[in-house]
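Structural overview
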Amino acid sequence: MTIVIVQVSLQEIQDIQNFVDTLNQQTQSVVVVEGKRDELALKKIGFSGKIIQFHKFGGITRFSDHIANYDTVIMLLDGDRKGKYLTGRIIYQIQRRTRIDLSYKKKLVEITKGKIRFIEQLVCYESYLV
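Being a predicted model, the structure only gives us computed values, none of them experimental.

What follows covers the packing of helix H3 (residues 60-67) against helix H4 (residues 81-94). The contact between H3 and H4 brings their axes to 10 Å, and the two run at 55 degrees. Judged by the angle between their axes, H3 and H4 are oblique. Where H3 crosses over H4, the handedness of that crossing is right-handed. Between H3 and H4, the residues in contact are Ile60, Phe63, Ser64 and Ile67 and Arg89, Ile90, Gln93 and Ile94, respectively.

Keep in mind that most residues, glycine aside, have a negative phi and that most peptide bonds are trans. Unlike most non-glycine residues, Lys113 shows phi in positive territory, near 55 degrees. Here Lys113 lies in the loop between helix H5 (103-112) and helix H6 (126-129).

What follows is about helix H2 (residues 36-44). Taken as a whole, H2 has its buried residues at Asp38, Glu39, Ala41 and Leu42. In a view along the axis of H2, the buried residues occupy a sector of 160 degrees, so they form one face of it. At its buried positions, H2 is contacted by strand S1 (29-33) and strand S2 (51-53). One or two positions beyond H2, positive phi appears at Gly46, with a value near 110 degrees.

Another aspect to go through is the pairing of S1. Here S1 lies mainly inside the structure; 5 of its 5 residues are buried. The alternating pattern of S1 places Ser29, Val31 and Val33 and Val30 and Val32 on opposite faces, both of which are buried. Pairing between S1 and strand S3 (residues 72-75): 4 bridges, direction parallel. For Val32, the partnering residue across the bridge sits in S3 and is Met75.

Per-residue confidence for the protein chain gives a mean pLDDT of 90, with 95% of residues at or over 70. The secondary structure element of the protein chain with the lowest average pLDDT is H6, at 84, and the one with the highest is S2, at 96.

This part is about the pattern of salt bridges. For the coordinates displayed, the defined rule picks out 5 salt bridges. Across the salt bridge formed by Arg97 and Asp65, the nearest N and O atoms sit 3.2 Å from each other. Taken as a pair, Arg97 in the loop between H4 and strand S4 (99-101) and Asp65 in helix H3 lie far apart in primary sequence, 32 residues in all. Taking the relative accessible area as the measure of exposure, Arg97 reaches 40% and is therefore partly exposed.

A few words on the side chain of Asp80. When you line up the elements, Asp80 lands in the loop between S3 and H4. We note that Asp80 is buried and unpaired, the nearest opposite charge coming from Arg117 at a distance of 5.8 Å. Polar contacts involving the side chain of Asp80 include one to the main-chain amide nitrogen of Gly83, which spans 2.8 Å. Setting aside residues up to four positions removed in sequence, Asp80 forms contacts with Glu34, Arg117 and Phe118.

Rules of the game
Residues numbered from 1 in each chain as written. Predicted model: local features only at pLDDT ≥ 70, side-chain atom pairs only at ≥ 80, totals over all residues. Heavy atoms only, no water. Axes fitted to C-alpha atoms, helices over the stretch in contact; angles between N-to-C directions. Helix = DSSP H or I, 4+ residues; strand = E, 2+ residues; numbered from the N terminus. Parallel < 35°, antiparallel > 145°, perpendicular 65-115°, else oblique. Left-handed = near helix turned anticlockwise from the far one by under 90°. Contact = heavy atoms within 4.5 Å. Buried < 20%, exposed > 50% of the residue type's maximum accessible area, 1.4 Å probe, protein only. Arc of directions from axis to C-beta. Pairing = 2+ DSSP bridges. pLDDT = per-residue confidence, 0-100. Salt bridge = Lys/Arg side-chain N within 4 Å of Asp/Glu carboxyl O. Lys, Arg positive; Asp, Glu negative; His and termini not counted. Polar contact = N/O pair within 3.5 Å; in protein donor to acceptor, adjacent residues only side chain to side chain.

Shown next as structure tokens:
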């Protein structure tokens, strides 16, 4: 894991807090992340909703079959090549079975101006939010 020192503005902290608050209000949704560190990072910044880790399912078909049971799936996979590939494959697999929300991923990129490419990097905001 690479530790990145990030310059953080007051506006960015407020926007991240609003992001987490809005995400917490999505009680009928599930948030999808790649792995354990991503889930821990979200929890450390105050997310209290349902999180599903993609890598716990051992394949895209099993994952897609499970995730299709939710009304809305909020995709928060990493912004690297692997994360983008997985996002595309998952969307292809479940697009006709459930609603997919990519707006939170886009909002996160906006707030951090692209500094945060991996969800696990959100831990850099923990000391500002808790």
